[in-house]
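Architecture at a glance
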Amino acid sequence: MRSRKFLRAEQLGLAFDVPGLVAGVDEAGRGPLAGPVVAAAVILDELQPIKGLADSKVLTARRREKLFDEIRAKALCCCIAEASAAEIDEINILQATLLAMRRAVEGLRLKPAKVLVDGNRIPVLKVPAEAIVKGDAKVKAISAASILAKVHRDRLCAAMHEAHPQYGFDGHKGYPTPEHLAALRAHGACPEHRRSFAPVREVSGD
């Protein structure tokens, strides 16, 4: 007879699911060739619901901007954090993304009882956490985090465009579009480019 003391890890984990504040976490900017990767953590206030929260990718830029302000005003607390292009080059994009997520959670004014992270990877945290695939479309706190991260990074891209207009960061947001790749070949890499990404490495000679 098989002993009952051997339980699967995921079954054991359910016993530690305690009530309390829940933070949603999401990131923006893993795929671009330039700029930081941005993460946000949000603890929503149940007494101040926010209508229209959804995955930031399905919202218009104008709607995201309005929700950005509303989230900042109504959430119990929120934090936006970054991992720089230099950090991405040093530790790779996955680890830099997890680092930005950890910074966002640790920057919250209130400590959550649990953290829900969009995707399938969890940063190292001092509180229980769960990864939720497509969580930005399922969990309102993650949706809110995705909006904060996306708007913040878009604003960074606007600033990069002002500093380096020849690359067109205001349009492609750093993603490897044909226009961006052509600009890279014509002008080389700027300081905000991620040297560890192949298209940048090819033109910078690193």
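Read on for an overview of the structure. (Residues numbered from 1 in each chain as written. Predicted model: local features only at pLDDT ≥ 70, side-chain atom pairs only at ≥ 80, totals over all residues. Heavy atoms only, no water.)

What about the overall build of the protein chain?
Going by this rule: Note on conventions: DSSP H or I runs of at least 4 residues are helices, E runs of at least 2 residues are strands, and numbering of each starts at the N terminus. Think of it in three bands: residues with accessible area under 20% of the maximum for their type are buried, residues over 50% are exposed, and the middle band is partly exposed, with areas taken using a 1.4 Å probe on protein chains only.
Along the protein chain, the regular secondary structure elements total eight helices and five strands. Within the protein chain, the fraction of its 206 residues that count as buried is 42%.

Comments concerning the pattern of salt bridges
As a reminder of what qualifies: The term salt bridge refers to a side-chain nitrogen of Lys or Arg lying within 4 Å of a carboxyl oxygen of Asp or Glu.
Under the definition given, this model contains nine salt bridges. A salt bridge links Arg155 to Glu65, with the shortest nitrogen-to-oxygen separation between them at 2.7 Å. Residue Arg155 is located in helix α5 (residues 140–163), and its partner Glu65 is located in helix α2 (residues 61–74); the two are separated by 90 residues in the primary sequence. In this structure, Arg103 and Glu87 form a salt bridge, with 2.7 Å as the shortest nitrogen-oxygen distance. Of this pair, Arg103 sits in helix α4 (residues 93–106) while Glu87 sits in helix α3 (residues 85–91), placing them 16 residues apart in sequence. Of the residues examined, Glu87 reaches a relative accessible area of 22% and is grouped as partly exposed.

Some words on unusual backbone geometry
Phi at Asn92 is positive, roughly 85 degrees, even though this residue is not glycine. Take Asn92: it is sitting in the loop between α3 and α4. Backbone geometry at Lys173 places phi at a positive 60 degrees, although glycine is not the residue there. Counting through the fold element by element, Lys173 comes out in the loop between α6 (169–172) and α7 (178–187).

Thoughts on the nonpolar core
Note the following rule: To form a nonpolar core, buried Ala, Val, Leu, Ile, Met, Phe, Trp, Tyr and Cys residues must be joined to one another through side-chain atoms within 4.5 Å. Note on contacts: a residue pair qualifies if any of its non-hydrogen atoms lie within 4.5 Å across the two residues.
Residues Val25, Val37, Leu108 and Val115 are the most contacted members of the largest nonpolar core, which totals 27 residues. Elements that contribute at least two residues to this core include exactly β1 (22–28), β2 (37–43), β3 (77–83), α4 and β4 (114–118). With seven residues, α4 is the single largest residue contributor to this core. Beyond its immediate sequence surroundings of up to four residues, Val115 is in contact with Ala23, Val25, Val105, Leu125, Val127, Pro128, Ala129 and Glu130. Counting 17 residues, the second largest nonpolar core, distinct from the first, contains Ala28, Val38, Phe68 and Ala149.

A closer look at the sheet that holds β1
Rules: At least two bridges found by DSSP between two strands is the condition for calling them paired. In this analysis an axis means a line fitted to C-alpha atoms, helices contributing only their contacting stretch, and an angle means the value between N-to-C directions, from 0 to 180 degrees.
Strand order across the open sheet formed by five strands is β3-β2-β1-β4-β5, with mixed pairing between neighbours. Only two strands of the sheet have a single partner each, and these edge strands are β3 and β5 (129–132). Geometrically, the sheet is characterised by an average inter-axis angle of 20 degrees between neighbouring strands, direction not taken into account. Direction of pairing for β1 relative to β2: antiparallel, over a ladder of five bridges. When the bridges of β2 are listed, Ala28 appears paired with Val38.

Considerations on the packing of α2 against α5
The condition is simple: By convention the crossing between two helices is left-handed if the near helix lies anticlockwise of the far one by an angle smaller than a right angle, and right-handed if it lies clockwise. Residue polarity follows a fixed list, in which Ala, Val, Leu, Ile, Met, Phe, Trp, Tyr, Cys and Pro are nonpolar, Asp, Glu, Lys and Arg are charged, and the others, Gly among them, are polar.
Running from N to C, α2 and α5 point in directions that differ by 120 degrees, and their axes come no closer than 9 Å. The way α2 lies across α5 gives a crossing that is left-handed. Taking contact as the criterion, the partners of Arg64, Glu65, Leu67, Phe68, Asp69, Ile71 and Arg72 in α2 are, on α5, Ala144, Ile147, Leu148, Lys150, Val151, His152, Asp154 and Arg155. Residues of the contact of α2 with α5, tallied by class, amount to seven nonpolar, one polar and seven charged.

Some remarks on the pairing of β4
Among the five residues that make up β4, five are buried, leaving the element largely enclosed by the rest of the structure. Both faces of β4 are covered, namely the face carrying Lys114, Leu116 and Asp118 and the face carrying Val115 and Val117. Summarising the sheet, β1 and β4 pair through four bridges and their orientation is parallel. Looking at β4, one finds that Val22 is bridged to Lys114.

Points about the side chain of Arg153
What counts, and what does not: His is not counted, nor are the chain ends, whereas Lys and Arg count as positive and Asp and Glu as negative. By the criterion applied in these results, polar contacts are pairs of N or O atoms within 3.5 Å in which, for protein atoms, one can donate a hydrogen and the other can accept it, and in which residues neighboring in sequence qualify only through two side-chain atoms.
With respect to the helices, strands and loops of the structure, Arg153 is situated in helix α5. Of the side chains with opposite charge, Asp154 lies nearest to the buried Arg153, which makes no salt bridge, at 5.8 Å. A polar side-chain atom of Arg153 sits 2.8 Å from the main-chain carbonyl oxygen of Pro36. Setting aside chain neighbours within four positions, we find Arg153 in contact with Ala28, Gly29, Pro32, Ala34, Gly35, Pro36, Val38, Lys173 and Arg194.

So yeah, pure geometry; function would need other evidence.
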